[in-house]
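Given next are the chains, with one letter for each unit.
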Amino acid sequence: MKKPVRKIIEYTVLILIACIFVFPLIWMIVSSMKPEASIYTDMNGIKVLLPSLNPSDWLQSYQELFSRFDIAQYIFNSIIYAVVITGGSIIVNAMAGYAFARFHFRGKKILFALMLALLIVPVETIIITQFTVAHSLGILNTRLAVILPLLANIFFIYLFRNFFKSVPEEVIESVKIDGGNSWTIFWRIMLPMSKPAIATVGTLSFIASWNDYLWPLMVLTDTTKFPLQVAITNINTTEPVFTNQIMSILTISTIPLIIVYILAQKYILQGLGGSGTGIK
């Protein structure tokens, strides 16, 4: 098969696959810009991918949604959780990765191997234990209960550790000669050089915290502290239920994730590509 023909076939297949994955997203956004009845009447034609012909309908479901529920508070909560968890996760996991990469202590390889082995343990198997610890600390129904368990992540430690090990030893030695200590090396050398790892960890941490549903539902009873994902369930079960309003809240919850991923995708590929494999 000639190369141009092969390329055409490859791109055609890729475009079709992309359309399959993008279709639900487009349908969700378009449905949020229609009256309730139009969502079902347009289901069997090309109009399923087109918003209402009347521009005044485009934001109607959003206005009704905000008038029925305290959406602004839920969005604010999600932003607080996501930003704090993302920032804290970068610092905590970077420090742990730096320790495994540059410090020498007895049993380091065994400890690191055991830590990686925990990656195969499903989160659901330890969530009751996490809840018990949160209860013992007296932080249930607080924002801290949502934030604290998500700060440390074994996979993120692994990414940072491998990235820091790739930094030439000469760079570290030159800082030590100038009188720099481990703290100086971490903050002024290692962290600024690890932008791909920071972007990867930051993006994955933001997505995980923004989408987190089960843990906040377990530890929070005060509805004013609910993140957006937990609030969606309440909206979906509060009568009367309107499909266009459900699509509106889903669109609101999805757009930040798309924006974050688009902005950071280059660094994510660099970070994951440079993470390496194996335990050294």
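Residues numbered from 1 in each chain as written. Predicted model: local features only at pLDDT ≥ 70, side-chain atom pairs only at ≥ 80, totals over all residues. Heavy atoms only, no water.

(A) Summary view of the packing of helix H4 (residues 71-102) against helix H5 (residues 108-117). Their axes nearest at 10 Å, the elements H4 and H5 cross at an angle of 140°. Taken together, the axes of H4 and H5 lie oblique to each other. Considering how the two elements wind past one another, H4 and H5 form a crossing that is left-handed. Between H4 and H5, the residues in contact are Ala99, Phe100 and Ala101 and Lys108, Leu111, Phe112 and Met115, respectively. A per-class count over the contact of H4 with H5 returns 6 nonpolar, no polar and 1 charged. (Axes fitted to C-alpha atoms, helices over the stretch in contact; angles between N-to-C directions. Helix = DSSP H or I, 4+ residues; strand = E, 2+ residues; numbered from the N terminus. Parallel < 35°, antiparallel > 145°, perpendicular 65-115°, else oblique. Left-handed = near helix turned anticlockwise from the far one by under 90°. Contact = heavy atoms within 4.5 Å. Nonpolar A, V, L, I, M, F, W, Y, C, P; charged D, E, K, R; others polar.)

(B) Here's a closer look at the environment of Thr184. Along the chain, Thr184 falls in helix H10 (residues 182-193). Taking C-alpha positions, Thr184 is 57 Å from Val48, a pair spaced 136 residues apart along the chain.

(C) Main features of the environment of Val92. Assignment of secondary structure puts Val92 in helix H4. On the basis of relative accessibility, which here comes to 35%, the residue Val92 falls in the partly exposed class. Each C-alpha atom of the pair Val92 and Asn153 lies 8.9 Å from the other, and the pair is 61 residues apart in sequence. Non-local contacts of Val92, meaning those with residues more than four positions away in its chain, are made with Leu151 and Ala152. (Buried < 20%, exposed > 50% of the residue type's maximum accessible area, 1.4 Å probe, protein only.)

(D) A look at the nonpolar core. Among the nonpolar cores identified, the biggest contains 29 residues, and Leu65, Ile71 and Ile249 are the most heavily contacted of them. Once residues within four sequence positions are removed from consideration, Ile249 is found in contact with Leu65, Ile71, Leu228, Ile232 and Ile235. Formed by 19 residues, the second largest nonpolar core is a distinct cluster that contains Ala94, Phe156, Phe160 and Ile189. (Core = buried A, V, L, I, M, F, W, Y, C linked by side-chain atoms within 4.5 Å.)

(E) How the structure looks around the pattern of salt bridges. By the definition in use, this model includes 1 salt bridge. A salt bridge links Glu10 to Arg6; the shortest N-O distance between them is 3.3 Å. Taken together, the positions of Glu10 and Arg6, both in helix H1 (residues 3-31) and 4 residues apart, correspond to about one turn of that helix. Overall, the relative accessible area of 34% leaves Glu10 in the partly exposed class. (Salt bridge = Lys/Arg side-chain N within 4 Å of Asp/Glu carboxyl O.)

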